[in-house]
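Descriptive structure summary
For reference, the chains in residue letters:
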Amino acid sequence: MTGTAAPASGGPARETADGGEPMIAERTVTDWWSTAVSEIRPGEIRLRGYPVEELIGRVTFAEQIWLMLRGELPTPTQGRLLEAALVAAVDHGPQAPSIAAARMAATCGVGLNSAVATGTGLLGDVHGGAGQQCMEVLRRVTDGEQAADIVTEYRGRRAYIPGFGHRFHPRDPRRDPLLALVREAADAGEVPGLALSAGLALEAALAAGRDRPVPMNIDGATAIIYAELGFPPQLGRGLFVLSRSVGILAHAWEETENGTRIKGPLPRQLLAGYHGPPERHPDRGA
């Protein structure tokens, strides 16, 4: 015989088995990880309500990313802008610490998944976070702050405005094609154009009084796209990590195929510099 146990304070009623042991209601268990993202049943996979078999071959990967994050399929312009940003940020060579770390890990006998995780795990506030930070600065401008005042603020604390300038490129080759796509979409009324105007205002304010401008880099250009598309800054970083993981995977796989073992940060002929005390020996007495 099965009865109903008195509910705990604030909790749902629980059925009891013959032995009086409490049982959790089935709905309580199935709702523990309830989600609006996907519904999985035997023989059925629905993503945001769409049967997966109807998405396969009909939507691009970028459109699928939009659907999973936003709940609806994008317009053609939204999908094109998202794809452009994802394509532009996939790789920046072994001089990028995340890629170098993934390649190094791949020579240490770990699986490809661990090598990729090593690389993506390095994408934090300093290396990989500038896009999110730039989106936050762009929001300040679109909310009414003057770009020149923000530049003065950053210079006053000797800080770089995220998304501008590049330690390697005098002018980031990814800037112009990305901004051209945003301008085209803004002129067509497909995106507001506010983040684009904010980014250009910051770029102009940074160039004022300087012999050489400080052009926008990939983080600034993709920040504009993600802001124009309505993504929050945190997802701006997530999308960058998703994009860069493609390059990390390619580099880790290349290093795996090379078959090199335990490849350190320096060629074996070279040793790391040392700036500690000269050679010495402990004096323990007789």
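You'll find the structure just up there.
Residues numbered from 1 in each chain as written. Predicted model: local features only at pLDDT ≥ 70, side-chain atom pairs only at ≥ 80, totals over all residues. Heavy atoms only, no water.

Some words on the sheet that holds strand β6 (residues 50-51)
- Taken in spatial order, the three strands make up an open sheet running β4-β5-β6, and their pairing is antiparallel. Looking at which strands have only one partner, the edges of the open sheet turn out to be β4 (38-41) and β6. (Pairing = 2+ DSSP bridges. Helix = DSSP H or I, 4+ residues; strand = E, 2+ residues; numbered from the N terminus.)

Some points on a nonpolar patch on the surface
- Nonpolar side chains collect at one region of the surface, where Leu112, Leu249 and Trp253 lie side by side and expose about 260 Å² of accessible area between them.
- Relative to the assigned elements, Leu249 resides in helix α12 (residues 233-258).
- You can call Leu249 partly exposed: its relative accessible area is 38%. (Patch = residues over 30% accessible without salt bridge, like charges linked within 9 Å, V, L, I, M, F, W, Y side chains within 5 Å. Areas by Shrake-Rupley, 256 points an atom, 1.4 Å probe, with all protein chains shown as cover. Salt bridge = Lys/Arg side-chain N within 4 Å of Asp/Glu carboxyl O. Buried < 20%, exposed > 50% of the residue type's maximum accessible area, 1.4 Å probe, protein only.)

Notes on α12
- Helix length check: α12, at 26 residues, gives a terminal C-alpha distance of 38 Å against a target of 38 Å (1.5 Å per residue), a fit within 8%.
- At Arg244, α12 is deflected by roughly 25 degrees, the largest bend along its length.
- Following α12 by one or two positions, Gly259 has its phi on the positive side, about 75 degrees. (Expected span 1.5 Å × (residues − 1). Bend = angle between axes of the 7 residues up to and from the residue.)

A short note on the pattern of salt bridges
- Taken as a whole and judged by the stated rule, the model has 16 salt bridges.
- Its salt-bridge partner being Asp125, residue Arg237 comes within 2.7 Å of it at the nearest N-O pair. You can see Arg237 sitting in helix α12 and its partner Asp125 sitting in the loop between α6 (112-120) and α7 (130-142), a full 112 residues away along the chain.
- Its relative accessible area of 17% is what places Arg237 among the buried residues.

Remarks on the environment of Pro162
- Note that Pro162 resides in the loop between α8 (147-156) and α9 (175-187).
- Apart from residues lying up to four places away in sequence, Pro162 is in contact with Ala130, Gln133, Cys134, Val137 and Tyr154. (Contact = heavy atoms within 4.5 Å.)

So, the nonpolar core
- Judged by nonpolar contacts, the single largest core of 55 residues is most densely connected at Leu82, Phe164, Leu202, Ile224, Ile225, Tyr226 and Leu229.
- Those residues in contact with Ile224 that sit more than four places away from it in its chain are Leu138, Leu179, Val182, Ala195, Leu196, Gly199 and Met216. (Core = buried A, V, L, I, M, F, W, Y, C linked by side-chain atoms within 4.5 Å.)

Thoughts on the side chain of Glu255
- Relative to the assigned elements, Glu255 resides in helix α12.
- A relative accessible area of 2% places Glu255 in the buried class.
- In contact with Glu255, not counting residues within four places along its chain, are Arg103, Ala106, Thr107, Thr260 and Lys263.

What about the pairing of β4?
- As paired elements, β4 and strand β5 (residues 44-47) share four bridges and run antiparallel to each other. What sits directly across from Glu39, in β5, is Arg46.
- Remark: two residues form the turn of the hairpin made by β4 and β5, two consecutive strands paired antiparallel; Gly43 in that turn has positive phi of roughly 80 degrees.

Re the packing of α8 against helix α10 (residues 194-207)
- Between α8 and α10, whose axes approach to 8 Å, the crossing angle comes to 55 degrees. Accordingly, the angle class assigned to the pair α8 and α10 is oblique. For the pair α8 and α10, the crossing hand works out as right-handed. Contacts between α8 and α10 involve Ala147, Ala148, Ile150, Val151 and Arg155 on the former and, on the latter, Ala201, Leu202, Ala205 and Leu206. (Axes fitted to C-alpha atoms, helices over the stretch in contact; angles between N-to-C directions. Parallel < 35°, antiparallel > 145°, perpendicular 65-115°, else oblique. Left-handed = near helix turned anticlockwise from the far one by under 90°.)

With respect to the packing of α7 against α10
- Orientation of α7 relative to α10, taken along the N-to-C sense of each, is 100 degrees, at an axis distance of 9 Å. Classified by the angle their axes make, α7 and α10 are roughly perpendicular. For the pair α7 and α10, contact is made by Val137, Leu138, Val141 and Thr142 and by Leu194, Ala195, Ala198, Gly199 and Leu202, respectively.
- Looking at the contact of α7 with α10 residue by residue, the classes come out as seven nonpolar, two polar and no charged. (Nonpolar A, V, L, I, M, F, W, Y, C, P; charged D, E, K, R; others polar.)

Regarding unusual backbone geometry
- Positioned with a positive phi, Arg48 is a non-glycine residue whose angle comes to about 50 degrees.
- Along the chain, Arg48 falls in the loop between β5 and β6.
- The class for Arg48 is partly exposed, based on a relative accessible area of 23%.

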